[in-house]
Protein chains: 2
Amino acid sequence: MTFDLLEAPQPELAAKTIQSALQQEKFIIVVGRCTVRYKGRATSSLDTGERLLAIKQDRALLIHRPYGYQPVNWQPPGCRFEISTDNDELRIRAIRRSPPETISVSFDQLKLIAAMALKDLAEFFLDASEEDMQRAIIARPEIVERGLRVIEYEKRVEPGFVDVYGIDQDGRLVIIEIKRKAAGREAIFQLAKYVKATSEGVGRSIRPILVAPSIAKGIQRLLQTMRVEFRKLDPKQCAKILAEVDKGEEERLSRWI
Amino acid sequence: MTFDLLEAPQPELAAKTIQSALQQEKFIIVVGRCTVRYKGRATSSLDTGERLLAIKQDRALLIHRPYGYQPVNWQPPGCRFEISTDNDELRIRAIRRSPPETISVSFDQLKLIAAMALKDLAEFFLDASEEDMQRAIIARPEIVERGLRVIEYEKRVEPGFVDVYGIDQDGRLVIIEIKRKAAGREAIFQLAKYVKATSEGVGRSIRPILVAPSIAKGIQRLLQTMRVEFRKLDPKQCAKILAEVDKGEEERLSRWI
DNA sequence: TGCTAAATCTCGAAC
DNA sequence: GTTCGAGGTTTAGCA
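No experiment lies behind these values; they were computed from the predicted model shown.

> Is there a simple way to explain the overall build of chain A in this structure?
What chain A contains, in helices and strands, is five helices and 14 strands. Whereas a compact globule of 257 residues would reach a radius of gyration of roughly 18 Å, chain A reaches 28 Å, over 25% beyond that. When its C-alpha atoms are laid out on the principal axes, chain A stretches across 85 × 55 × 35 Å. Burial status across chain A gives 48% buried among its 257 residues. For chain A, contacts bridging at least 24 residues in sequence account for 52% of all contacts bridging at least 6.

> Which parts of the structure should I look at to understand the interface of chain B and chain A?
Quoted interface sizes are often the accessible area lost when the parts come together. Contact residues are listed per partner, giving 53 residues for chain B and 54 residues for chain A. Contact between chain B and chain A buries roughly 4,400 Å² in total, counting both sides, with carbon and sulfur atoms accounting for 62%. In terms of surface lost to chain A, no three residues of chain B exceed Pro 66, Tyr 69 and Asp 120 of chain B, which account for 16% of the buried area on that side. There are four salt bridges connecting chain B and chain A. Among the salt bridges present, the one from Asp 120 of chain B reaches Arg 51 of chain A, with a minimum N-O distance of 2.8 Å. Looking at the side of chain B that touches chain A, the elements with two or more residues in it are β1 (3-7), β2 (27-39), β3 (43-55), β4 (61-64), β5 (73-75), β8 (101-116) and β9 (124-127) of chain B. Top element by residues in the side of chain B that touches chain A is β3 of chain B. It accounts for 10 residues. Alignment of strand β9 (residues 124-126) of chain A against β3 of chain B, held across three bridges, turns out to be antiparallel. Across the sheet, Phe 125 of chain A pairs through a bridge with Ser 45 of chain B, a residue of β3 of chain B.

> Just to check I follow, could you spell out the protein's contact with DNA strand C for this structure?
Taken together, 18 residues sit near DNA strand C, with Arg 41 and Asn 73 of chain A together with Ser 98, Leu 126 and Arg 180 of chain B positioned nearest. Taken together, the sugar and phosphate atoms account for 76% of what DNA strand C places within 4 Å of the protein. A distance of 2.9 Å separates a base oxygen of DNA strand C from a polar side-chain atom of Asn 73 of chain A. Here a phosphate oxygen of DNA strand C and a backbone polar atom of Gln 70 of chain B are 3.3 Å apart. Split into classes, the residues belonging to the surface near DNA strand C amount to eight nonpolar, four polar and six charged.

> Would you mind showing me how to read the protein's contact with DNA strand D here?
Residues in close proximity to DNA strand D total 14 residues, the closest being Leu 126 and Lys 236 of chain A together with Arg 41, Trp 74 and Glu 101 of chain B. Backbone atoms, meaning sugar plus phosphate, form 65% of the atoms of DNA strand D positioned within 4 Å of the protein. Within the contact set of DNA strand D, a base oxygen lies 3.2 Å away from a side-chain nitrogen or oxygen of Asn 73 of chain B. In the environment of DNA strand D, a base nitrogen lies 2.8 Å from a nitrogen or oxygen atom belonging to the side chain of Glu 101 of chain B. Put simply, the parts of the chain that give the surface near DNA strand D at least two residues each are β5 and β8 of chain B. Considering every element that reaches the surface near DNA strand D, the biggest residue donor is β5 of chain B, with three residues. Across the surface near DNA strand D, the residue classes tally to six nonpolar, three polar and five charged.

> For this particular structure, what's the right way to read the pairing of strand β8 (residues 101-116) of chain A?
Along a regular strand, successive side chains alternate from one face of the sheet to the other. Residue and element names in this part refer to chain A. Burial within β8 is extensive, with 12 of its 16 residues counted as buried. As paired strands, strand β1 (residues 3-7) and β8 are joined by five bridges and run antiparallel to one another. If you follow Glu 7 over to β8, its bridge partner there is Leu 112. Sheet topology note: the strand β2 (residues 27-39)/β8 ladder contains 13 bridges and is antiparallel. Residue pairing across strands places Val 36 opposite Val 105, the latter belonging to β8.

> Would you mind going over unusual backbone geometry with me for this structure?
Excluding glycine, residues mostly have negative phi values, and the peptide bonds linking residues are mostly trans. Along the chain, Ser 98 of chain A connects to Pro 99 of chain A via a cis peptide bond; the corresponding omega equals 0°. Looking at the element boundaries, Pro 99 of chain A is found in the loop between β7 (89-96) and β8. Backbone geometry places Arg 227 of chain B, a non-glycine residue, at a positive phi of 55°. By secondary structure assignment, the location of Arg 227 of chain B is in the loop between α4 (220-225) and β14 (229-232).

> Can you help me understand the packing of aromatic side chains in this one?
Any aromatic ring pair is given by two values, namely how distant the centres are and how the planes are angled relative to each other. Counted under the stated rule, the structure contains two aromatic pairs over all chains. Aromatic pair Tyr 69 of chain A and Trp 74 of chain B: ring centres 5.6 Å apart, planes at 45°, arrangement tilted. In this pair, Tyr 69 of chain A sits in the loop between β4 (61-64) and β5 (73-75) while Trp 74 of chain B sits in strand β5, so the two residues belong to two different chains.

> Even after reading the chapter, I still don't get helix α1 (residues 11-23) of chain A, so can you show me in this structure?
The periodicity of an α-helix, 3.6 residues per turn, causes residues three or four places apart in sequence to face the same way. Residue and element names in this part refer to chain A. Here α1 spans 18 Å end to end across 13 residues, near enough to the 18 Å set by a 1.5 Å rise per residue. Those residues of α1 lying buried are Pro 11, Ala 14, Ala 15, Thr 17, Ile 18, Ala 21 and Leu 22. Seen from one end, α1 has its buried residues packed into an arc of 165°, which puts them on one side. Projecting away from the buried face of α1 at angles above 90 degrees are the exposed residues Lys 16 and Gln 23.

> Explain the environment of Leu 13 of chain A to me, please; I cannot follow it from the model alone.
All names here are of chain A. Structurally, Leu 13 can be placed in helix α1. Given a relative accessible area of 43%, Leu 13 falls into the partly exposed group. Separated by 171 residues in sequence, Leu 13 and Gly 184 place their C-alpha atoms 54 Å apart.

> Whenever I open this one, the side chain of Lys 111 of chain A confuses me. Can you help?
Tracing the backbone shows Lys 111 of chain A in strand β8. Polar side-chain contacts of Lys 111 of chain A include one of 3.3 Å to the side chain of Gln 109 of chain A.

> Explain the pairing of strand β13 (residues 206-212) of chain A to me, please; I cannot follow it from the model alone.
All names here are of chain A. The buried fraction of β13 amounts to seven of the seven residues, a majority that puts the element mostly inside the structure. Neither face of β13 is exposed, since Ile 206, Pro 208, Leu 210 and Ala 212 on one face and Arg 207, Ile 209 and Val 211 on the opposite face are all buried. As paired strands, strand β12 (residues 173-178) and β13 are joined by six bridges and run parallel to one another. Looking across to β13, one finds that Glu 177 is bridged to Leu 210. Considered for its hand, the β-α-β crossover made up of β12, helix α3 (residues 185-201) and β13 is right-handed. For β13 and strand β14 (residues 229-232), the ladder comprises four bridges, and the chain directions are parallel. From the neighbouring strand, Leu 210 faces β14, where its bridge partner is Phe 230.

What counts as what
- Residues numbered from 1 in each chain as written.
- Chains lettered and ligands numbered in written order.
- Predicted model: local features only at pLDDT ≥ 70, side-chain atom pairs only at ≥ 80, totals over all residues.
- Heavy atoms only, no water.
- Helix = DSSP H or I, 4+ residues; strand = E, 2+ residues; numbered from the N terminus.
- Rg over C-alpha atoms; globule rule 2.2 N^0.38 Å.
- Buried < 20%, exposed > 50% of the residue type's maximum accessible area, 1.4 Å probe, protein only.
- Contact = heavy atoms within 4.5 Å.
- Buried area = accessible area lost by both parts, 1.4 Å probe.
- Salt bridge = Lys/Arg side-chain N within 4 Å of Asp/Glu carboxyl O.
- Pairing = 2+ DSSP bridges.
- Near = heavy atom within 4 Å.
- Polar contact = N/O pair within 3.5 Å; in protein donor to acceptor, adjacent residues only side chain to side chain.
- Nonpolar A, V, L, I, M, F, W, Y, C, P; charged D, E, K, R; others polar.
- Phe/Tyr/Trp six-rings, centres within 6.5 Å; stacked < 30°, edge-to-face > 60°.
- Expected span 1.5 Å × (residues − 1).
- Arc of directions from axis to C-beta.
- Right-handed = clockwise from strand over helix to strand, strands pointing away.

This is the structure in structure tokens:
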């Protein structure tokens, strides 16, 4: 693995290394004593102090002080860099076109420079997944509707799988489609297909329910046209419910032991 | 300077080094291949990939992927850490009390560990915030209008806070709402509310003035309808004025010494 | 502790 | 491009 590591380098060597690392799209870390200036939507200045500067592989810039969650200064991905040395100092400028913004950093003391190409293609999953939402509904059907009982889930029905089958308190068949994010028109059409496919086998009325944290704009009318009901449900809410259910399970188990 | 630097260390040595660095309140950098889990207000999972983990001197935790401005996972300052090794992997857990949140990171490959105590006591100056605009108006009310005197600011009036209260050269009460950016309709409605709330207590006419660098498109008519005056004022202009004011203060002080 | 409003908010999706 | 809405938003200032 190509891995650059410099301890307390001279500014010229530092500049060369950073230039080269930028071209190779490496992740660059610089630790040292610097001053920082920012001009753009606002302006800021930060006098001399020891900080961590990071340039990411998409050319995002972060400058972190030794404390605090947030970077003290930053530049979003895609900005242009100018690396130079002047008066025995290493200068790094990051320039953004729109809105016009510039960050200038000047290091008068360098402690560490590291540059390496990091591979990270993993997908990030936040909140409850759609599967978690399904599990929450199965565990607590009342979060969709009072009196709802779940009969089956992930049932194969020709165009695909019905997320949840249930029966409401009046004995009517309920088909639930779950979306983790704002539901669009495709979710409604999907439900309509399931209703059509299911109603052929069953001789009674079916209630299609779309469960999602929100619906996309301009979909409200389509919902009404297709006679699809919407039930707002947040992935976070589901995660919470699952945590409660798991906790209950644990307690039940511990009582058995 | 106490400076720890390990290239591709074994997990046991890594754990020891990090433990020690935590006790010495050093800034810790770990680069390697890891998976990340988060449970708390929400839940998240991130499969294996190469990332930068940073623990700051106030025990803030940041996990950065090789792209993007934001950390993929984080923990704010002050959380508790558990460092361990298990099955040849380095485990770092960061636990927050309130709200209860935990981040678990497991490194199966370590590339670099660096730990050092950074000194950074400099003050950060950000200019031209909304607060700066307010301070500039208080210091030099004439930038809004000649003859204006400021009576009060940040005054609680039921729907919120009035930015600035003043009296114009004709003795009329002035209510000022400040926006750092182009003012939208909500600013006008806000002003209207303050006028209504204030006029109930005062038996005289009130002049609502909207101070902002510009107004949003299509708001001009609403301004007239609501009888709100608009005064163009740029945040940058305010920063300049504040600099002058501060300089004046310094000179006055130095004359006293 | 809880709320409110601002942020160089960022980030993504829709238009 | 611009606008709109959400975020584990964070952060600061107060009741």
